[in-house]
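Next come the chains, spelled out residue by residue.
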Amino acid sequence: MLICVVILWRSSVTYASENLEIQKAFDSVVKHIKADKKYKDLDVIERKSDKFNIKIAQNSGKSFDIYSTLKKAKDSFESGDNETAISLLNQIITKFPYHKNALIGLGNIYYANKEYKKAVEIYTRLLKEYPSNPYILKNFLTIISQYDPDLALSEMLKLHDIHKNYAPLLANLGLIYMKKEDYVKGKEYMTTAISLDENNIFYTYNLAVILDKLSDFKNATIFYLKLLNMATTLKDVSEKIPLYKVTARLKFIKLHSTHPKIS
């Protein structure tokens, strides 16, 4: 009877959404719908040449004011008029296909609209142009996880060959494997992510849940307790992580798991 209760209780354990750690990248979409200050006064755009892959300074001319167009797009987004914001950003991208802020703004709005396929297309273009930009990479991982988990796994494994020590990528791989219920693989990647970012509360939470799913109650308890300790120094954690469930889970493990599995 005890075993049945444990299994049923454990099946109800929820874990942090794959968005939680990097969702903060989208908390303020509008901050990336902006022009560089130098464009305001000089009305100059920098773009990459298709042929030579170098930056070229190009005068945009008075007929098209990129700064005011970006500002209008930002104002439209803030007022809830995403359609107009998208139209304005597309005007910029039509003239300057590699304008980073316009592309980021457009991709983020598509993400906010849950138009994941379009958002993936925009961020794929961005990633090809700016492969080392951490903000772009984080957003790409978030979007592709929502759009197609299998595609996300395939793309993330390719990125892992290039960015082997990039904690957000490793954590997202761990979360993808969690969704596939491959907790052994999930543990492998999440553990590596924590080794690179020991104070990340979301990694800590998800690793605790993975260990719990693997019936490794001893180590799960260690990370649940670490999580609660970390939460005491952070604001608004309870809004993102169900701390009351963590506390209840710890009590349950203490009462019913006298012989925890040790990894």
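Bear in mind the structure is a predicted one, so any value in this text is a computation, not a measurement.

Novice: Is there a simple way to explain the overall build of the protein chain in this structure?
Specialist: Along the protein chain, the regular secondary structure elements total 13 helices and two strands. Counting all 263 residues of the protein chain, 48% fall into the buried class. Contacts in the protein chain between residues far apart in sequence, at least 24 positions, make up 58% of those at least 6 positions apart. Entry remark: accessible area of the protein chain is about 14,100 Å², with carbon and sulfur atoms responsible for 54%.

Novice: Is there a simple way to explain the packing of helix α10 (residues 183-196) against helix α11 (residues 201-213) in this structure?
Specialist: Each packed pair of helices is defined by two parameters, the angle between the axes and the distance between the axes. Here α10 crosses α11 at 150 degrees, and the two axes come no closer than 9 Å. The orientation of α10 with respect to α11, classified from their angle, is roughly antiparallel. The crossing of α10 and α11 is left-handed. Where α10 approaches α11, its residues Tyr183, Gly186, Lys187, Met190, Thr191, Ala193 and Ile194 are matched on the opposing element by Tyr203, Thr204, Asn206, Leu207, Ile210, Leu211 and Lys213. Its residues assigned to classes, the contact of α10 with α11 shows eight nonpolar, four polar and two charged.

Novice: I tried to follow the pattern of salt bridges on my own but got confused; where do I start?
Specialist: A side chain with one charge may pair with a side chain of the opposite charge, provided their charged atoms come close. A complete count under the given rule lists seven salt bridges for this structure. Lys164 is the partner of Asp161 in a salt bridge, and the nearest nitrogen-oxygen pair spans 4.0 Å. Assessed through its relative accessible area of 46%, Lys164 is described here as partly exposed.

Novice: What exactly am I supposed to notice about the confidence of the model for the protein chain here?
Specialist: A low pLDDT means the predicted coordinates there should not be read in detail. Looking at the protein chain as a whole, its pLDDT mean stands at 75, while 73% of the residues score no less than 70. Least confident of the elements in the protein chain is helix α1 (residues 2-11), whose mean pLDDT is 28; most confident is α10, at 96. For residues 1-62, every residue scores under 50 in pLDDT, and the model assigns this stretch 123 contacts once sequence neighbours within four places are set aside.

Novice: Got a minute to help me understand the UniProt feature "repeat: TPR" (unreviewed entry) in the protein chain in this structure?
Specialist: Mapped onto this structure's residue numbering, the UniProt feature "repeat: TPR" (unreviewed entry) falls at residues 100-133 and 167-200. Between the C-alpha atoms that bound residues 100-133 the distance is 11 Å, and the span itself is 79% helix and 0% strand. A distance of 10 Å separates the end C-alpha atoms of residues 167-200, which is 79% helix and 0% strand.

Novice: Would you mind going over the environment of Leu126 with me for this structure?
Specialist: Mapped onto the fold, Leu126 is located in helix α6 (residues 116-129). Residues Leu126 and Leu103, spaced 23 residues apart in sequence, show a C-alpha to C-alpha distance of 7.2 Å. Every residue in contact with Leu126, bar those within four places of it in the chain, is listed here: Lys100, Leu103, Ile104 and Ile136.

Novice: What am I meant to see in the side chain of Ser76 here?
Specialist: Along the chain, Ser76 turns up in helix α3 (residues 66-78). The exposure class of Ser76 is buried, given its relative accessible area of 11%. Among residues more than four places away in sequence, those in contact with Ser76 are Asp81, Asn82, Thr84, Ala85 and Leu88.

Novice: What exactly am I supposed to notice about the environment of Leu225 here?
Specialist: Mapped onto the elements of the fold, Leu225 is located in helix α12 (residues 217-231). Residue classification places Leu225 among the partly exposed positions, given a relative accessible area of 49%. On a C-alpha basis, the gap between Leu225 and Thr247 in space is 8.7 Å, while along the polypeptide they are 22 residues apart.

Novice: Help me out: how do you make sense of unusual backbone geometry in this one?
Specialist: Most peptide bonds adopt trans geometry, and most residues besides glycine take a negative phi value. Unlike most non-glycine residues, Lys114 shows phi in positive territory, near 65 degrees. Look at Ser215: it is not a glycine, yet its phi comes out positive at around 65 degrees. Within the secondary structure layout, Ser215 lies in the loop between α11 and α12. The exposure class of Ser215 is partly exposed, given its relative accessible area of 28%.

Novice: Can you help me understand the packing of aromatic side chains in this one?
Specialist: For any two aromatic rings, the description comes down to two numbers: the centre-to-centre distance and the angle of the planes. This model, assessed by the stated rule, comprises two aromatic pairs. With centroids separated by 5.7 Å and ring planes inclined at 5 degrees, the aromatic side chains of Tyr177 and Tyr189 adopt a geometry described as stacked. One end of the pair, Tyr177, is in helix α9 (residues 167-179); the other, Tyr189, is in helix α10, and 12 residues separate them in sequence. The pair formed by Tyr177 and Tyr189 is uniform in burial state, with each residue classed as buried. The ring of Tyr130 carries Lys100 above its face, with NZ or CZ at 5.3 Å from the centroid.

Novice: Would you take a moment to explain helix α8 (residues 149-162) for this structure?
Specialist: Since the α-helix advances by 3.6 residues per turn, residues separated by three or four positions end up pointing in the same direction. With 14 residues, α8 should reach 20 Å at 1.5 Å per residue; the first-to-last C-alpha distance of 20 Å fits that figure. Along α8, the residues that are buried comprise Ala152, Leu153, Met156, Leu159 and His160. Relative to the axis of α8, the buried residues are bounded by an arc of 130 degrees and lie together on one face. Along α8, the residues that are exposed and aim more than 90 degrees away from the buried face are Asp150, Asp161 and Ile162. Buried-residue contacts for α8 involve α6, α7 (134-147), α9 and α10.

The rules behind the values
- Residues numbered from 1 in each chain as written.
- Predicted model: local features only at pLDDT ≥ 70, side-chain atom pairs only at ≥ 80, totals over all residues.
- Heavy atoms only, no water.
- Helix = DSSP H or I, 4+ residues; strand = E, 2+ residues; numbered from the N terminus.
- Buried < 20%, exposed > 50% of the residue type's maximum accessible area, 1.4 Å probe, protein only.
- Contact = heavy atoms within 4.5 Å.
- Areas by Shrake-Rupley, 256 points an atom, 1.4 Å probe, with all protein chains shown as cover.
- Axes fitted to C-alpha atoms, helices over the stretch in contact; angles between N-to-C directions.
- Parallel < 35°, antiparallel > 145°, perpendicular 65-115°, else oblique.
- Left-handed = near helix turned anticlockwise from the far one by under 90°.
- Nonpolar A, V, L, I, M, F, W, Y, C, P; charged D, E, K, R; others polar.
- Salt bridge = Lys/Arg side-chain N within 4 Å of Asp/Glu carboxyl O.
- pLDDT = per-residue confidence, 0-100.
- UniProt positions renumbered as here; feature names shortened; annotations may be inferred.
- Phe/Tyr/Trp six-rings, centres within 6.5 Å; stacked < 30°, edge-to-face > 60°.
- Lys NZ or Arg CZ within 6 Å of the ring centre and 35° of its normal.
- Expected span 1.5 Å × (residues − 1).
- Arc of directions from axis to C-beta.

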